[in-house]
Amino acid sequence: GTTLEDLTKNIGALPVERAVDIMIQVAFAIQYAHDQGIIHRDLKPTNIMVIPPENESEKESVKLVDFGIAKLTGIDEFNQQTLTKTGEIFGSPLYMSPEQCTGVMVDHRCDLYSIGCVFYDMLTGAPPFIGENALSTMMKHQTEAPLSLKEASMGRNFPLVLEQIVARLLEKDPNRRYQSGNALVIDLLPLTRDDG
């Protein structure tokens, strides 16, 4: 397969249908990891592999890779909470959640924010925030509202529900974000059906 980054580098922003199909698989994969008590913490296009179908009756498939900075939740939780971990920041600034950018303890919802950044990138050709350096980018995640998909793509029209899904993934407050990969899939599935 190829990384999602290489795929979008070669063809630019993906068509909505293909981006939605990929994102559904990413959401299922991250839900599976979360169900095992694993938070990825570094979801980005280079960590998402797109594997071409083996024959015409299949669709391309997706695999998440590089769980190098993943965090296993629930293990020794008491000691994790009593230790001071000030300034411990993991992840890639272009795809990091606001809470990751501050170095505080994160939960599974940081992955959902990162998924939103990747989805935004797939649909517009660029991540939602790009600063002059890593620190500037992290500040933007914490303080700025992203442009709409339409604004970021120079006027390309997207279904309103897709704009709303991406905006919800990119909520600064984790409580206002999608709370699970499964909840995201439920909202994405109607976009895979041809109602025309």
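Residues numbered from 1 in each chain as written. Predicted model: local features only at pLDDT ≥ 70, side-chain atom pairs only at ≥ 80, totals over all residues. Heavy atoms only, no water.

Visitor: Would you explain the pattern of salt bridges in this entry?
Guide: Close approach of charged atoms allows side chains of opposite charge to pair. Using the criterion set out here, one finds eight salt bridges in the structure. A salt bridge links Glu-60 to Arg-18; the shortest N-O distance between them is 2.8 Å. Of this pair, Glu-60 sits in the loop between β3 (48-51) and β4 (61-64) while Arg-18 sits in helix α2 (residues 16-35), and the two are 42 residues apart along the sequence. Take Arg-18: its relative accessible area is 27%, and that puts it in the partly exposed class. In this structure, Glu-99 and Arg-177 form a salt bridge, with 2.8 Å as the shortest nitrogen-oxygen distance. With a gap of 78 residues between them, Glu-99 in helix α4 (residues 98-102) and Arg-177 in the loop between α8 (160-169) and α9 (181-188) connect regions that are remote in the sequence. You'll find Glu-99 and Arg-177 in the same group, each marked buried. (Salt bridge = Lys/Arg side-chain N within 4 Å of Asp/Glu carboxyl O. Helix = DSSP H or I, 4+ residues; strand = E, 2+ residues; numbered from the N terminus. Buried < 20%, exposed > 50% of the residue type's maximum accessible area, 1.4 Å probe, protein only.)

Visitor: Help me out: how do you make sense of the pairing of β3 in this one?
Guide: The side chains of a regular strand alternate, residue by residue, between the two faces of the sheet. Here β3 shows a clear split, with Ile-48 and Val-50 buried on one side and none of Met-49 and Ile-51 buried on the other. In this sheet, β3 lies alongside strand β1 (residues 2-3) in antiparallel orientation, the contact comprising two bridges. Paired with Thr-2 across the two strands is Val-50, which belongs to β3. (Pairing = 2+ DSSP bridges.)

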